Amino acid sequence: MSGRADDPDVSLLRPYLMTSGRTKPVDHTIEIEAQVMTSNLGATSVQNLTFERRDIISLCRRTMSVAEVAAMLKLHIGVARVLVADLAALGYVVIRRPEAETPQDLRMIERVIRGLESLR
Amino acid sequence: MDSNRSADPVLAPKKPPAPVKIVIAGGFGVGKTTAVASISEIPPLRTEAVMTSAAAEIDRTGHVPSKTTTTVAMDFGCITIDDDVKLYLFGTPGQDRFGFMWHDLVVGALGALVIVDTRRLDDCYPAVDYFEKAGVPFVVAVNKFDGMLNHDLNDVRWALAVSDEVPLVTFDAREKLSVRDALLAVLRKAFSRAQTRTAAP
């Protein structure tokens, strides 16, 4: 009964167990495209962290979105959001969120147009 | 006002790029993932999000369920625009029942590309409806399967009942430059929309 520690099927865990039962991130509005980058503090604190948090810190040495974190660690988006927001609150990752006014920002739209036009 | 939304430069040597996004919608098998794969600089990733939401507002069957839980697979990719801007493409199923979780995906999007297969036009109605109501600039892109177009574009416009203001383009989801051009159509639409809004008092 109890000798199941070697069971590789991690999906037996309820996803929200990883977030200690919380489903509301510290900042629950964090966007799925928000960029996550491990800070120097995070990089040096990696030993103190448990599995998923440690994985995120390792992964985000290369900056990526919350959605990428979720996909690469096979976490539900909601769980990834909670963990990333927690790590940000601790200063272990730096996040850059989209600007609310981007859809009205002519210069930004123009910039994206130029960037796409240069794709070959 | 936005100072707390940005990265703290003290903690990091460099700043993460500013993320922007375009939503790619349409029915199942219409070419969303193919389009993302053709242009993304990373292989498309999939994430499954469990969405729980009060569904009363969108349920037109007369039932008023208190909650609906749906697992939605979302394929996405990204394109580096320049040193400081990264474009994300999120592909999402356009079925009616999922409409309620789109807000999360659509908020802050520059615009949307609604991909249609002319053999199954019905599949894209919910997406068209949604973007019209949400005021998100969008373009309808007819995917030319095997280089064939089964209907005249004017017929498609008539069948979809979209206004003349909605650009209608044809493209091939397998071709990078063709996908790029469809995305450019979305951005030009977004630009003119933003211009109109900026000009308005």
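Being a predicted model, the structure only gives us computed values, none of them experimental.

What counts, and at which threshold
- Residues numbered from 1 in each chain as written.
- Chains lettered and ligands numbered in written order.
- Predicted model: local features only at pLDDT ≥ 70, side-chain atom pairs only at ≥ 80, totals over all residues.
- Heavy atoms only, no water.
- Helix = DSSP H or I, 4+ residues; strand = E, 2+ residues; numbered from the N terminus.
- Buried < 20%, exposed > 50% of the residue type's maximum accessible area, 1.4 Å probe, protein only.
- Contact = heavy atoms within 4.5 Å.
- Areas by Shrake-Rupley, 256 points an atom, 1.4 Å probe, with all protein chains shown as cover.
- Axes fitted to C-alpha atoms, helices over the stretch in contact; angles between N-to-C directions.
- Parallel < 35°, antiparallel > 145°, perpendicular 65-115°, else oblique.
- Left-handed = near helix turned anticlockwise from the far one by under 90°.
- Nonpolar A, V, L, I, M, F, W, Y, C, P; charged D, E, K, R; others polar.
- Expected span 1.5 Å × (residues − 1).
- Polar contact = N/O pair within 3.5 Å; in protein donor to acceptor, adjacent residues only side chain to side chain.
- Buried area = accessible area lost by both parts, 1.4 Å probe.
- Salt bridge = Lys/Arg side-chain N within 4 Å of Asp/Glu carboxyl O.
- Phe/Tyr/Trp six-rings, centres within 6.5 Å; stacked < 30°, edge-to-face > 60°.
- pLDDT = per-residue confidence, 0-100.
- Pairing = 2+ DSSP bridges.

Participant: Before we go on, may I ask you to explain the overall build of chain B in this structure?
Facilitator: Scanning chain B for helices and strands turns up 5 helices and 7 strands. Taken from the N to the C terminus, the helices and strands of chain B come in the order β-α-β-β-β-α-β-α-β-α-β-α. Burial analysis of chain B (201 residues in total) assigns 51% to the buried set. Of the contacts formed within chain B by residues at least 6 apart in sequence, a portion of 71% connects residues at least 24 apart. Accessible surface, chain B as shown: approximately 9,600 Å² in total, 53% of it carbon and sulfur.

Participant: Help me understand the packing of helix α5 (residues 106-117) of chain A against helix α5 (residues 176-199) of chain B in this model?
Facilitator: The geometry of a pair of packed helices is captured by two quantities: the angle between their axes and the separation between those axes. It is at 9 Å that the axes of α5(A) and α5(B) come closest, and there the two elements cross at 165°. The orientation of α5(A) relative to α5(B) falls into the category roughly antiparallel. As for how α5(A) packs across α5(B), the hand of that crossing is left-handed. Here L106(A), I109(A), E110(A), V112(A), I113(A), L116(A) and E117(A) of α5(A) come into contact with α5(B), specifically with R180(B), L183(B), L184(B), L187(B), R188(B), A190(B), F191(B), A194(B), Q195(B) and T198(B). Among the residues making up the contact of α5(A) with α5(B), the classes are represented as 11 nonpolar, 2 polar and 4 charged.

Participant: How do you make sense of α5(A) when you look at a structure like this?
Facilitator: Counted at 1.5 Å a residue, the expected span for α5(A) with its 12 residues is 16 Å, and the 16 Å between its end C-alpha atoms agrees. Looking at where α5(A) begins, the residue whose side-chain oxygen comes 3.2 Å from the main-chain nitrogen of R107(A) is D105(A).

Participant: Explain the interface of chain A and chain B to me, please; I cannot follow it from the model alone.
Facilitator: Reports often express the size of an interface as the amount of accessible area lost when the parts come together. Listed per partner, the contact involves 44 residues of chain A and 55 residues of chain B. Carbon and sulfur atoms make up 65% of the area that chain A and chain B hide from each other, which totals about 4,400 Å². Of all residues in chain A, E33(A), R96(A) and L116(A) give up the largest surface area on contact with chain B, accounting jointly for 16% of the area buried on that side. Where chain A packs against chain B, one counts 4 salt bridges.

Participant: Quick question: what am I supposed to make of the packing of aromatic side chains here?
Facilitator: Aromatic ring pairs are reported here in terms of the distance separating the ring centres and the angle at which the planes meet. All names here are of chain B. Tallied over the entire structure, the rule returns 4 aromatic pairs over all chains. Taken together, a centroid distance of 6.1 Å and an interplanar angle of 20° make the contact between Y88 and F90 stacked. Classification of Y88 by relative accessible area gives buried; the value is 0%. Judged by relative accessible area, which is 0%, F90 ranks as buried.

Participant: Would you mind showing me how to read the confidence of the model for chain A here?
Facilitator: Parts of the prediction with low pLDDT should not have their coordinates interpreted in detail. Mean pLDDT over chain A works out to 83, with 77% of the residues at or above the 70 mark. Long-range and interchain partners of residues 1-10 of chain A, a stretch whose pLDDT sits below 50, account for 2 contacts in this model, where long-range means more than four residues apart.

Participant: Explain the pairing of strand β3 (residues 93-96) of chain A here, please?
Facilitator: Two faces belong to every sheet, and in a regular strand the side chains alternate between them. Residue and element names in this part refer to chain A. The alternating pattern of β3 places V93 and I95 and V94 and R96 on opposite faces, both of which are buried. Bridge analysis of strand β1 (residues 35-38) against β3 gives 4 bridges, and the strand direction is antiparallel. Residue Q35 lies in a different strand from β3, and its bridge partner there is R96.

Participant: When you look at the sheet that holds strand β2 (residues 64-65) of chain A in this model, what are you seeing that I'm missing?
Facilitator: Each strand in a sheet pairs with another by means of backbone hydrogen bonds, the pair being arranged parallel or else antiparallel. Strands sit in the order β2-β1-β3 (chain A) across an open sheet of 3 strands; the sheet is antiparallel. On the outer flanks of this sheet lie β2 and β3 of chain A, each paired with one strand and no other.

Participant: How should the pattern of salt bridges be read in this particular structure?
Facilitator: Opposite charge on two side chains permits them to pair, given that their charged atoms come into close proximity. Inspection of every chain in the model, using the stated rule, returns 12 salt bridges over all chains. Between D84(B) and R96(A) there is a salt bridge, with the nearest N and O atoms lying 2.8 Å from each other. Of this pair, D84(B) sits in the loop between β3 (68-82) and β4 (85-93) while R96(A) sits in strand β3, which puts the two residues in different chains. Accessibility expressed as a relative area gives 8% for R96(A), which makes it buried. For D172(B), the salt bridge goes to R174(B), with nearest N and O atoms at 2.9 Å. Within this structure, D117(B), R119(B), R120(B) and D123(B) form a network of salt bridges that share partners.

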